[in-house]
Each structure stands twice: as structure tokens, then as C-alpha cells.
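These are the residues of each chain, in order.
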Amino acid sequence: MKKGLVLLTLFFYALTSWANEDAVKLSLDSCRRMAVQNNKEIKMSDAKKQKAYYERKAAFTKYFPRVTATGVYMFTSKQIELLSDEQKQELNTLGSGMTQDLMPVMQQMMAASASNPLLAGMMSQMMQQVAPMLPAAAKGLDAKGSAIAEATELDTRNIGVINVMLTQPIYMGGKIRAYNNITKSVEELTNIQASGKETDVVVEADEAYWRVVGLVAKKRLAENYLATVDSISKDVDKLIEAGFATKADGLSVKVKVNEAKVSVVQVNNGIALAKMLLCQICGLDMNTKVELEDEDFDPLNFLEPASAVGDVNTAIENRNELKSLDLLKKINDEKVKVVRSEFLPSAALIGGYTTTYPSCFDGFQKEFGGMWNVGVMVKVPVITCGERIYKVKAAREEAKLAEYQFDEAKEKIELQVSQTEQKLAEAKERLATAREGQDEAAENLRYAQVGMKEGMIPVSNVLQAETAFLKARTNLVEAEIDVLLAQVYLKKAYGIK
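Sequence positions are assigned chain by chain, starting from 1 and proceeding in written order. Side-chain atom pairs in this predicted model are given and counted only at pLDDT of 80 or more, local residue features only at pLDDT of at least 70, and totals for whole chains, interfaces and linings cover all residues. As a rule here, side-chain values cover all heavy atoms of the structure and leave hydrogens and water aside.

Remarks on a nonpolar patch on the surface
Here is step 1 of the chain: Candidate patch residues must exceed 30% relative accessible area and have no salt bridge, after which like charges are joined if within 9 Å and Val, Leu, Ile, Met, Phe, Trp or Tyr side chains if within 5 Å. Each accessible area is a Shrake-Rupley result for a 1.4 Å probe, and residues are judged covered by the shown protein chains and nothing else. In the sections that follow, a salt bridge refers to a side-chain nitrogen of Lys or Arg positioned within 4 Å of a carboxyl oxygen of Asp or Glu. A contiguous nonpolar patch, built from Ile170, Tyr171, Leu349, Val374, Val376, Val378 and Val380 and spanning about 700 Å² of accessible area, is present on the exposed surface.
Here is step 2 of the chain: For the purposes of this entry, the term helix denotes a DSSP run of H or I that reaches at least four residues, the term strand denotes a run of E that reaches at least two, and both are numbered from the N terminus. Broken down by element, the residue count for the nonpolar patch peaks at three residues, all from strand E8 (residues 369–379).
Here is step 3 of the chain: In this structure, Leu349 sits in strand E7 (residues 346–357).
Here is step 4 of the chain: The cut-offs for exposure are 20% and 50% of the maximum accessible area for each residue type, with area from a 1.4 Å probe on protein chains only; residues under the lower value are buried, those over the upper are exposed, and the others partly exposed. By relative accessible area, which is 35% here, Leu349 ends up partly exposed.

Description of the sheet that holds E8
Here is step 1 of the chain: Any two strands with at least two DSSP-identified bridges between them are counted as paired. One open sheet holds the four strands; their spatial order is E2-E5-E7-E8, and the pairing between them is antiparallel. Where the open sheet ends on each side, the last strands, each with one partner, are strand E2 (66–75) and E8. With direction set aside, neighbouring strand axes in the sheet form an average angle of 20 degrees.
Here is step 2 of the chain: Note: strand E5 (residues 158–171) against E7, 11 bridges, orientation antiparallel. Each residue of the ladder has a partner; that of Met165, found in E7, is Gly352. In this analysis, axes come from line fits to C-alpha atoms, helices being fitted only over the stretch in contact, and the angle between any two N-to-C directions falls in the range 0 to 180 degrees.

A closer look at the confidence of the model for the protein chain
Here is step 1 of the chain: Per-residue confidence from the predictor is reported as pLDDT, which spans 0 to 100. Averaged over every residue, the pLDDT of the protein chain is 85; residues scoring 70 or more account for 89%.
Here is step 2 of the chain: At the low end of the mean pLDDT range in the protein chain sits helix H1 (residues 2–21), at 40; at the high end sits helix H2 (residues 28–38), at 94.
Here is step 3 of the chain: Low pLDDT (under 50) marks residues 1–20, which in the prediction has zero contacts with non-local residues, meaning those over four places away or in another chain. By definition, residues are in contact when any of their heavy atoms lie within 4.5 Å.

Looking at the nonpolar core
Here is step 1 of the chain: Nine residue types can take part in a nonpolar core, namely buried Ala, Val, Leu, Ile, Met, Phe, Trp, Tyr and Cys, and a core is a set of them joined through side-chain atoms within 4.5 Å. By size, the foremost hydrophobic cluster in this structure holds 50 residues, and its most contacted members are Tyr209, Trp210, Leu278 and Leu292.
Here is step 2 of the chain: Breaking this core down by element, the ones donating at least two residues are H2, helix H8 (175–242), helix H9 (247–282), strand E6 (290–292), helix H11 (320–341), helix H12 (387–453) and helix H13 (459–494).
Here is step 3 of the chain: The contact partners of Tyr209, leaving out residues within four places of it in the chain, are Leu26, Ser27, Leu28, Cys31, Leu278, Leu292, Glu293 and Asp294.
Here is step 4 of the chain: Of all hydrophobic cores here, the second largest spans 18 residues; its members include Ala245, Leu445, Val459 and Ala465.

Re the packing of H11 against H12
Here is step 1 of the chain: Contact geometry of H11 with H12 gives a least axis separation of 9 Å together with a crossing angle of 175 degrees. Taken together, the axis directions place H11 and H12 in an arrangement best described as roughly antiparallel.
Here is step 2 of the chain: Classification convention: Asp, Glu, Lys, Arg as charged; Ala, Val, Leu, Ile, Met, Phe, Trp, Tyr, Cys, Pro as nonpolar; all other residues, Gly among them, as polar. Across the contact of H11 with H12, the residue classes tally to 12 nonpolar, two polar and 12 charged. Any angle that falls under 35 degrees is termed roughly parallel, while one over 145 is termed roughly antiparallel, one within 65 to 115 roughly perpendicular, and all others oblique.

In C-alpha cells form, the structure reads like this:
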């Protein structure tokens, strides 16, 4: 049973290893799709798009009222007292003090009425009636004074305030509308930039894909050349044995064989590096084995793709760079409005509710008491010493800078389109020349092979013809790949996907 488990484990391990060795099949479209899906910069662009979307949503909320709540608690080491200690002492002895002040006055009145018996009698009778009442009255006034003194001691050591405020903008100098327009343009700008980055990634994937295809085609040519010179080397060895060729001929052929082997190794290394780059662009592990759909690319059956239809006007209409700069101009124009709004009148409706502890609305009471409030707030800048003028002019100069950038980018795009169209025309001319060269090299090689069989042409001439044929075929592959890439670059220049 243990042997069976071991064999089963080995079988699954071998099966997994075999599956991992399978190459991933990739087409040009799948490479583009994977590159777009896995590119880190595109993911960052998507995050910027979401950020701009939320900023636009946040800007729109500026039209609506704001409600804020504030709470404050404060403990103080002392309480507020409205009267001094001397004043409180006077209130505490208010009745006693008045009695003491009243007695000398009454005695003076008695002394003044002594010369008039009738008036003296009346004063004496009044004194007899009032005197018993003075202590009680003094005591009552002292109590009232003490109560008043105590009422002036405000216990404010624990203070609490709760305020709820509503603010509704009425007119802010056009700032809110301008800010909303800016965030809308920024959101559109991030979408355009993301689209432009996606185009760049697709072009990068196309470049890597066709470079691999071209190198694979060169590899087949190099292997065919190696097989040919190796076969010639064997034939020359037989001719040497028969006395129809010299050892020098054999050595020259072996040199070509070694050179061909080196070329195969070099092109294999180039393919490995090119596929690693393609995997990196597509978001795959760089050691992933991949096979491309167009690896069987035959330079002799190459069909030139249709050229992109467009001109300078097409590029000006479609290029993301110009769209971005046009939006930047709009953003800067709105920034001028934002700066100008700082120096225009602003008005807002305000309202709220405030409650305090202790309450002061019905005397001084240790409880919460509050009140509603509604009003209008208006802010009007009066003197700014020229700050408004300078800031607005600075914002306008920034807007002009965006216009100049737009004009400069437009000129550069026109030049780029012309250059790209010229490069495509040059690539087509090179392709036509390479085809002619390949046909001539093939015909020359055929004559050399026939001549060598008939013994009329030396081996060195055949080797030269084989080398020239390899170079012509290689040039043809490079020319065809250049035409494909030139078409890619032209589409990018026109802004066509």
C-alpha cells in the first residue's frame, strides 16, 4: 500500500510538472487585454478617476446647507461674584445699619421739638410706638440684604454650552459654481488621461509581441542556415576525400558552421529576453513559457495590413493630449472666477439653537436653558490694497499659459503625424527593396548551388551566397515587422484605437 501511495504521489507530481511545462498560448488581442488589465499605471489611473468622481460629488454638496454642532464644558477654580465683600457686608447689616442711623435723627428731632409742648408730645408718642418695632424691622431688612448678597454669588465653576448652527449659502461670488465646473473638468481629464495611458500600454504590448514574432522568424532562418552549412560541410568532407576540394575549403565551411551555431544561440537568448519583456507587460510571471499565435509568421506570405485612414485633422480631433490641454484651459478659466469670488460680496442664511448651563434666561439657575436664532450674514470686502487685482491677473496669466501649451502641443502633434506618415512610407520602401533583395539572393544561391554540383563554382562562393541569402531573408523579416509597427505608431499618432 505504501508503494502504491508513493507511485500515486510521483504520478501526480509528474502530471503537475508536465502541466506547468505547457506553454501559454497568446494572441495579439489577448496580450493587449492582459496588458491593460494588469498594468499598474492603468490601475493608478482608475484610482485617480474614482478620486475625481468623489471630489465632484463633494463639490456639489456645497450648494446644500451645513449643520454643525459644538459642545463645550469648562471647569473654573472660582465663581463669579457681582459684589465685593464690603458691599455684601453692608447688605447683610442693612436693617441694623438703618436703625443705628435712624436713632440719632429721631433724637435730634426730639431736641428740636422741645420748645413746642404740643410737637414734643406728638414726637414722644411716636417714639414710644416706633421704638418697639425697630428691632424686628432691622432683623427683617438684614435677612433681605443677606438674601440679595447671596443672589449675587453666581456659581459658574461648571459651565456647559451646546450650539447647533445651520448655514445655507445664498451667494458666494460664483465660487461654488466655478468649483463644481472645475471638478467636472478634472473628472473628465482623468478619464482622458486613463484612456491615453491605455493606448500607450496597447502600443507597448504590440511592440513586444511583434518583436518576439520577428525574432522567432529569424530563429527559423538561423536554424535553416545552420542545417544548410552543416550539410555543405559534410559534402565538402566527401569532396576532400575524393580529392575535389582542399582542407582549406573544409575549414572555411566549419567556420561558417560555428558562426551559424553562435547565431542560433544569440537569437534564442534574444527570444527569451523578448518573451520575458512581453510577460512583464502582460502581467505574467517573467519565467512563464508562452507561445504566440503568429510565431509561424512566414515572411514570404506576408500580407501588408491596411493603412490607418486619417490626417492631421483626425489627430487634432482625437488626440488625448489636446483634449487634456483643452480641459486644462477650461479649468484655469474657472480658477480665475474662484480668485475673483474672494473679493466679491457673499451672503449666507444662518440659524441655530444655543443652550447653556447654568441658565441665565430666568435669573441664574443651575439648569440648561436655550434659545433659537435666525439671521443673515453678509461679507463685503472693502479695502484690499490691490490684492484682488494682482491675484486675478496672476490667474489670467496661468490661463494664458494653458493656451500656449495647447498651441505648442498642436504644432508638435502635426509634426509627429507628418513624421509618422513619412516613417511608414520609408518602411514600405524598405520592404519593397527587401523583397527585391530576397529574390535576387535566392536566385544567386540557386546558381551557386547548381554550379558547385557541377564543379564550376568553389565552395566559398556557395557560402557567400548562403550568407547573402540569410541576410536578405533577415532584412525582409525586419522590414515586414517595421511596417507592422509603423502602422501601430501611425494609429497612435492619429489617435485611433
